[in-house]
Amino acid sequence: MNVISGVVRDSHGNPIAQARVYFTNGPVPLPDIAALTNKDGTFSLTAPAAGSYTIACAAEGFAPTEVTVAVTDSQETHLEIRLRPQSNLRQV
């Protein structure tokens, strides 16, 4: 089993709870599934095959981001995802 686990943090290093973490691209067709971070900001996703995956992360009040990770067979991959506050400035 290829597990991608990690933690989502803000720019100050604080964990972000209820962030949505999901696959956007991979070496095989991917189901439309997502993980929500817990109160410690941690998450876990199962990658169906070894290869390169793009993982997106979004949370209320933060700008969404994407990271790319290489997954190897039967190895757990650990990520730390940092989210920046979303700009409240709107153009007229």
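Summary of the structure given here. The shown structure was predicted, so the numbers you read here are calculated from the model rather than taken from an experiment. (Residues numbered from 1 in each chain as written. Predicted model: local features only at pLDDT ≥ 70, side-chain atom pairs only at ≥ 80, totals over all residues. Heavy atoms only, no water.)

1. Focus on the nonpolar core
Using the following cut-off: The criterion is simple. A nonpolar core is a set of buried Ala, Val, Leu, Ile, Met, Phe, Trp, Tyr and Cys residues joined through side-chain atoms within 4.5 Å. Accessible area is worked out with a 1.4 Å probe on protein chains only. A residue is then buried under 20% of its type maximum, exposed over 50%, and partly exposed in between. A run of H or I in DSSP becomes a helix once it reaches four residues, and a run of E becomes a strand once it reaches two; helices and strands are each numbered from the N terminus.
In this structure, Ile4, Val8, Phe43, Ile55 and Leu83 are the most contacted members of the largest nonpolar core, which totals 21 residues. Those elements that place two or more of their residues in this core are strand S1 (2–10), strand S2 (20–25), strand S4 (42–47), strand S5 (51–58), strand S6 (65–71) and strand S7 (77–83).

2. Structural notes on the pattern of salt bridges
Heads up, the rule is: A side-chain nitrogen of Lys or Arg and a carboxyl oxygen of Asp or Glu constitute a salt bridge if their distance falls within 4 Å.
Following the criterion strictly, the structure yields 3 salt bridges and no others. One salt bridge connects Asp40 with Lys39, and the closest N-O pair in it is separated by 3.9 Å. According to the relative accessible area criterion, Asp40 is partly exposed, its value standing at 42%. Residues Arg82 and Glu80 are paired through a salt bridge, measuring 2.8 Å at the closest nitrogen-oxygen approach.

3. A few points about the sheet that holds strand S3 (residues 34–36)
Note the threshold: Should DSSP find at least two bridges between two strands, the strands are taken to pair. Axis definition: a line fitted to C-alpha atoms, over the contacting stretch in the case of helices. Angles run 0 to 180 degrees between N-to-C directions.
A sheet is described by the order of its strands in space; here 4 strands give the open sequence S3-S2-S5-S6, paired in antiparallel fashion. Pairing within the sheet leaves two strands with one partner each, and these edge strands are S3 and S6. Ignoring strand direction, the axes of neighbouring strands in this sheet form an average angle of 30 degrees. As defined by bridge partners, S5 adjoins S6 across 7 bridges and the pair is classed as antiparallel. Opposite Ile55, over in S6, you have Val67 as the bridge partner.

4. Quick look at the pairing of S2
Both S2 and S3 contribute to a ladder of 3 bridges, which runs antiparallel. Residue pairing in the sheet places Val21 in a bridge with Ala35 of S3. Sheet topology places S2 next to S5; 5 bridges connect them, and they run antiparallel. The residue bridging Tyr22 from the neighbouring strand is Ala56, located in S5.

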